Amino acid sequence: MNGLLLLTIALAYFAAGYAFYGGYLNRLFGIDDRRSTPSETKNDGVDYVPTSRSVLFGHHFSSIAGAGPIVGPIAAAYFGWLPALLWILLGCVFIGAVHDFASLFLSVRHGGRSIGYVIERLMGYAGRQMFLIFCWVSLILVVAIFGLMVAGTFVKTPAVATASVLFILMAPVFGYVSRNVCGLKLASLIFVPLSFLTVWFSGMIPIDLVSLFIERGMDAEAAKSAALWSWMGVLGVYVMLASVISVKWLLQPRDYLSSFLLYAMILGGVLGICCYAPDLKFPAFTGYNVPIGNGQPTDMIPALFILVACGACSGFHSLVASGTTSKQIRRESHIQTIGYGGMIVEGILGVMSLISVAYLSQADFAEIAANPVHAFASGIGVFMSKMGLSGTLASNFISLAISAFMLTTLDTATRLTRFVWQELFTPSWETREKMQNEGITAKKNPVLSFITNIWVASILAVFLAGLLASTGSANSIWPIFGASNQLLAALTLLGVSMYLMTKKLNFWVTLLPTALMMLMSIWGLSDIIKAFVDKNLMLAGAAGFLIVMALLLVALSVIMLHRNLRQLYGKGEKPAEK
């Protein structure tokens, strides 16, 4: 098989999926541009800000992408490129993109509130609390895994660390200039080229902490470990600050600029594949039970569904969609472009990731696949060298682009962890609406105010993520992150199914994916408990906790589903959704 032919088929397939299945979802959910969106009705200049489709797509895609569609497919390629490819193609169009579209739609229709609010309307207060606890634990995993990946990239490629620091410093300046000086278009003409210049400039002054520690007398391994955890400390401080300041000062401008890096990376990768036209030397299928990145022999099912993770479906996307994107979307018709289209582009990136390593022999793949981000950057760099570019410069640029949206995922996840933590301590929406209608003011509780303080919530999230990261490597944490992520998607899809039932619409488009994702996720978490119970009690305990919470939510949802089905066929009481 040739990589160019494979990419061409995938692009045509994804385009058809967006046009036809995405269009069907528009009609099913009743997209209506005549309805006002939360960004217009609640505009506060901080969280609720009407945003253009292109800027918001950049923020949303940078937030959801991270390293997931790169690391996941490469981690699953141990089974061969064909199983991973099939799951990316089918999962992305019929499950992942549906999940993202629906969760964004529900949040917009519910005033830009979180997916937790929607779950409460469908499953009650107890269901909301269990779902929020599950989300909070899952987000801690996200912060831990992406923190390790960003820090690891900075250690492996010091020039990327320099470029990332410059990029972060540039973002608020761009935000100020674009709003107060010369407008978005002119500011873009100035700052977008500057963003690309940071790649060239960073190669001249790399922030190489490993060399610094070696000069102070450390051996190579100790220096690498010290550099990794030094960067983890720096990143911890950064995400705490980034998660509490207004989105217009850092999140929006940085995501807008990083989206150009991301688009350039995807375009460069596509053109590189077209010029190189690599033959895929790696086997299409290597076996059902093979050693994967952690060195352990693993069955393809359920591991394939867990490892690919964001390349096909991600529950984290629902938190981004309902946590930040829904508060900025200007028109309901933008939901297909941003929600469904964002996941489609992730699928394209996932296919590119497979091709970036599938052109290697099995022996070469085994040497480089331990660091998927480096493997992807090296592969795409080789392809882009056929365009006359320096392979090293191209690889550094790819690494910068990846680190840029990993940083976006990091601070977005930290911000969402804060949102979820604060929501956990709020009374039910029914209670709050009743108090508001009756003019009752809630009494301030000093302890509660302290616990839900934005700084306390953020520090707690970063501390726990750092503690979890200290228990293992990125390769060991990735499987439990993937499993919890898929299970979160299953629970979100379950809520969407219940919503569609209450509206007497076609709920099978989400209920069938719910069943598949639920089965694979719980199966995968069970395998993780068996693998880590004697090696890493914290990871095994987290997996067990997630299974218990999920099963409780499933039990509650079965009760609510029974009520809704009775209502659907005219034999029951009023359904739970209001």
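Residues numbered from 1 in each chain as written. Predicted model: local features only at pLDDT ≥ 70, side-chain atom pairs only at ≥ 80, totals over all residues. Heavy atoms only, no water.

Asker: Help me out: how do you make sense of the overall build of the protein chain in this one?
Answerer: Along the protein chain, the regular secondary structure elements total 23 helices and two strands. On C-alpha atoms alone, the protein chain measures out to a radius of gyration of 23 Å, which is about the 25 Å that the 2.2 N^0.38 rule sets for 578 residues. Considered along the principal axes of its C-alpha atoms, the protein chain spans approximately 65 × 55 × 50 Å. Put simply, of all contacts in the protein chain between residues at least 6 apart along the chain, 85% involve residues at least 24 apart. Carbon and sulfur atoms provide 66% of the accessible area of the protein chain, an area that totals close to 21,700 Å². Of the side-chain charges in the protein chain, 36 are positive and 27 negative, and the distance between the mean point of each set is 10 Å. (Helix = DSSP H or I, 4+ residues; strand = E, 2+ residues; numbered from the N terminus. Rg over C-alpha atoms; globule rule 2.2 N^0.38 Å. Contact = heavy atoms within 4.5 Å. Areas by Shrake-Rupley, 256 points an atom, 1.4 Å probe, with all protein chains shown as cover. Lys, Arg positive; Asp, Glu negative; His and termini not counted. Charge placed at Lys NZ, Arg CZ, Asp CG, Glu CD.)

Asker: Just checking my understanding: could you explain the state of the cysteines for this structure?
Answerer: In a disulfide, the sulfur atoms of two cysteines are held together by a covalent bond. With the rule as written, the count across this model stands at zero disulfides. Cys275 carries a free sulfur, and the closest cysteine sulfur to it, the one in Cys274, is 6.7 Å from it. There is no disulfide at Cys310, and the cysteine sulfur nearest it, in Cys313, is 9.1 Å away. Here Cys310 falls in the buried class, since its relative accessible area comes to 2%. (Disulfide = S-S within 2.5 Å. Buried < 20%, exposed > 50% of the residue type's maximum accessible area, 1.4 Å probe, protein only.)

Asker: Is there a simple way to think about the nonpolar core in this case?
Answerer: Among soluble globular proteins, nonpolar side chains are generally buried collectively. In this structure, Phe14, Met265 and Ile402 are the most contacted members of the largest nonpolar core, which totals 209 residues. Ignoring any residue separated from it by four or fewer positions in sequence, one finds Phe14 in contact with Ile88, Leu89, Cys92, Val93, Ile344, Gly347, Ile348 and Val351. (Core = buried A, V, L, I, M, F, W, Y, C linked by side-chain atoms within 4.5 Å.)

Asker: So what exactly am I meant to see when it comes to the side chain of Glu332 here?
Answerer: With respect to the helices, strands and loops of the structure, Glu332 is situated in the loop between helix H13 (316-323) and helix H14 (334-358). Residue classification places Glu332 among the buried residues on the basis of a relative accessible area of 2%. Among the polar contacts listed, one links the side chain of Glu332 to the side chain of Arg109, at a separation of 2.7 Å. Beyond its immediate chain neighbours, meaning those up to four positions away, Glu332 contacts Gly30, Ile31, Asp32, Asp33, Arg35, Thr37, Val108 and Arg109. (Polar contact = N/O pair within 3.5 Å; in protein donor to acceptor, adjacent residues only side chain to side chain.)

Asker: Whenever I open this one, the packing of aromatic side chains confuses me. Can you help?
Answerer: Any aromatic ring pair is given by two values, namely how distant the centres are and how the planes are angled relative to each other. Scanning all chains against the criterion turns up 23 aromatic pairs. Look at Trp87 and Phe305: their rings are 4.7 Å apart centre to centre, the planes differ by 65 degrees, and that puts the pair in the edge-to-face class. Here the residue Trp87 occupies a position in helix H5 (residues 81-109), and Phe305 occupies one in helix H12 (residues 300-308), the gap between them amounting to 218 residues. Per residue, the accessibility class of Trp87 equals that of Phe305, and both read buried. Through a chain of ring-to-ring contacts, three or more aromatic side chains come together here, namely Phe29, Phe101, Phe105 and Tyr499. Above the plane of the ring of Tyr117 lies Arg113, whose end atom (NZ or CZ) is 4.6 Å from the centre. (Phe/Tyr/Trp six-rings, centres within 6.5 Å; stacked < 30°, edge-to-face > 60°. Lys NZ or Arg CZ within 6 Å of the ring centre and 35° of its normal.)

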